[in-house]
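Chains, contacts and geometry: an overview
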Amino acid sequence: MDYYFIPHEELTTEFIKRGIPAEKLVPTGIPVSERFLKLPEKREARVQLGIPADKSCILMMTGSMGYGRVESMTAKLVEQTGEELDHQRLLDLKQAADHAALLRLVREADVVHYLFPWPFADVLHAAARPERPAVLTYISDVVRQRWLGAAYAPLMWRTLRSMRAIVANCPAYARTSPVLSHRSIRDKVRVIPLGIDENSYPRVGDEQVFERIGVGRDEAYFLFIGVLPYYKGLNF
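To keep things clear, this report deals only with the structure shown in the data block. (Residues numbered from 1 in each chain as written. Predicted model: local features only at pLDDT ≥ 70, side-chain atom pairs only at ≥ 80, totals over all residues. Heavy atoms only, no water.)

1. Focus: the overall build of the protein chain
Selection rule: The way it works is that DSSP assigns letters per residue, a run of H or I at least four long becomes a helix, a run of E at least two long becomes a strand, and they are numbered from the N terminus. Summary of the burial criterion: residues with accessible area below 20% of their type's maximum are buried, those above 50% are exposed, and those between are partly exposed, where the area comes from a 1.4 Å probe applied to protein chains only. Any two residues whose heavy atoms approach within 4.5 Å at even a single point are treated as in contact. Each accessible area is a Shrake-Rupley estimate made with a 1.4 Å probe; only the visible protein chains count as cover when residues are assessed.
Looking only at helices and strands, the protein chain features eight helices and six strands. Mapped from its N terminus to its C terminus, the protein chain presents α and β elements in the order β-α-β-α-α-α-β-α-β-α-β-α-β-α. Out of the 236 residues in the protein chain, the part that is buried amounts to 22%. When contacts within the protein chain are restricted to residue pairs at least 6 apart in sequence, long-range pairs at least 24 apart make up 38% of them. Total accessible area on the protein chain stands at roughly 18400 Å², and carbon and sulfur atoms take up 56% of it.

Spelled out as structure tokens, the structure:
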């Protein structure tokens, strides 16, 4: 990689520890839509989200890479409020009681949405057998776990065939994935791009960005956004 765009300058030290040269790190921040600057009044937001007015509301947001011991952190925060925890809103899938609660919520939902690959979701779907429509967002083929993938395949295909719709994020992936293009499910596939609100971004580009990162205007380059795992094909 020539450059790494990172969400905050305070992460520079962490990237350097992992062997990435400091001169390749470019703190750009994470783009956020302007709609988040127009917040509703707190009471109105509680009504919209179905949050009781007489209870504290704790919102914990984590990324796909995890954020440590979320369960114990949440329990500590709830302890400070002196209120009882609403287990319908915090489910620890390592506990059998929460498995039952999750199955109940799946059966009560109007639409059930799964992310793939996540084998536990296949087990959950088979156990819950929801009567409501179920859809699945297909993130990636199972490509590295060859032996486990072979064992998982029957359950995977059962899940995919039972979906009302399967969402892929780009036409090329829907066309080239051996799973998404399979004749038994390809009619279920719908392409919904991972889009952005174009109105929230400047109409005129920053012409100096190439100079800041040291890339010539006529120089070829690749732009990758997000985490760089093996299945994005960077090794090729």
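2. What to know about the nonpolar core
We apply this condition: Buried residues of nine kinds, namely Ala, Val, Leu, Ile, Met, Phe, Trp, Tyr and Cys, make up a nonpolar core once their side-chain atoms join them within 4.5 Å.
With 24 residues, the main nonpolar core has Tyr114, Leu136, Tyr138, Met156, Leu160, Ile166 and Val179 as its most contacted residues. Listed by contribution, the elements that provide at least two residues to this core are α4 (96-108), β3 (112-116), α5 (119-128), β4 (134-138), α6 (146-162) and β5 (165-168). Leave out the neighbours within four places in its chain, and Met156 touches Phe116, Asp122 and Val179.

3. Some details on the sheet that holds β4
Sheet strands pair by backbone hydrogen bonding; their relative direction is either parallel or antiparallel. This is how it is decided: Here, any two strands with at least 2 DSSP bridges between them count as paired. The axes used here are C-alpha line fits, helices contributing only the stretch in contact, and every angle between their N-to-C directions lies in the interval 0 to 180 degrees.
The parallel open sheet is built from four strands, whose spatial order is β3-β4-β5-β6. Across the chains shown, the open sheet's two edge strands, defined by having one partner strand only, are β3 and β6 (189-191). Taking the axes of each pair of neighbouring strands and ignoring which way they run, one obtains an average angle of 25° across the sheet. Bridge count for β3 against β4 is five bridges, and the pairing is parallel. Across the sheet, the residue bridging to Leu115 is Thr137, located in β4. Relative to β4, α6 is tilted by about 125°, and along the sheet it contacts β3, β4 and β5.

4. Some thoughts on a nonpolar patch on the surface
Here is the rule: Without a salt bridge and with relative accessible area above 30%, a residue can belong to a patch; like charges are then joined within 9 Å and nonpolar side chains (Val, Leu, Ile, Met, Phe, Trp, Tyr) within 5 Å. Salt-bridge detection follows one rule: a side-chain nitrogen of Lys or Arg within 4 Å of a carboxyl oxygen of Asp or Glu.
Residues Met1, Phe222, Phe224 and Leu228 make up a contiguous nonpolar surface patch of roughly 430 Å² in combined accessible area. Tracing the sequence through the fold places Phe222 in the segment after α8 (209-213).

5. Things to note about the pairing of β4
The cut-off we apply is this: Look down the strands so they point away from you; if going from the first strand over the helix to the second traces a clockwise path, that crossover is right-handed.
With four of five residues buried, β4 is to be regarded as a mostly interior element. Handedness of the β-α-β unit built from β3, α5 and β4 comes out right-handed. For β4 and β5, the ladder comprises three bridges, and the chain directions are parallel. The partner of Thr137 across the bridge, within β5, is Val167.

6. Describing the pattern of salt bridges
According to the stated counting rule, one finds one salt bridge in the structure shown. Among the salt bridges present, the one from Arg18 reaches Glu14, with a minimum N-O distance of 3.2 Å.

7. Focus: the packing of aromatic side chains
Defined as follows: Whether two aromatic rings pair depends on their centres lying within 6.5 Å, for rings of Phe, Tyr and Trp, where Trp uses its six-membered ring; planes under 30 degrees apart make the pair stacked, over 60 edge-to-face, and the rest tilted.
Evaluation of the coordinates by the stated rule reveals five aromatic pairs. On the numbers, 5.4 Å between centres and 50° between planes, the contact of Trp118 with Phe120 is tilted. Overall, Trp118 belongs to the partly exposed group, its relative accessible area being 42%. Judged by its relative accessible area of 27%, Phe120 is partly exposed. What links up through ring pairs into an aromatic cluster is the set Phe116, Tyr138, Tyr152 and Tyr173.

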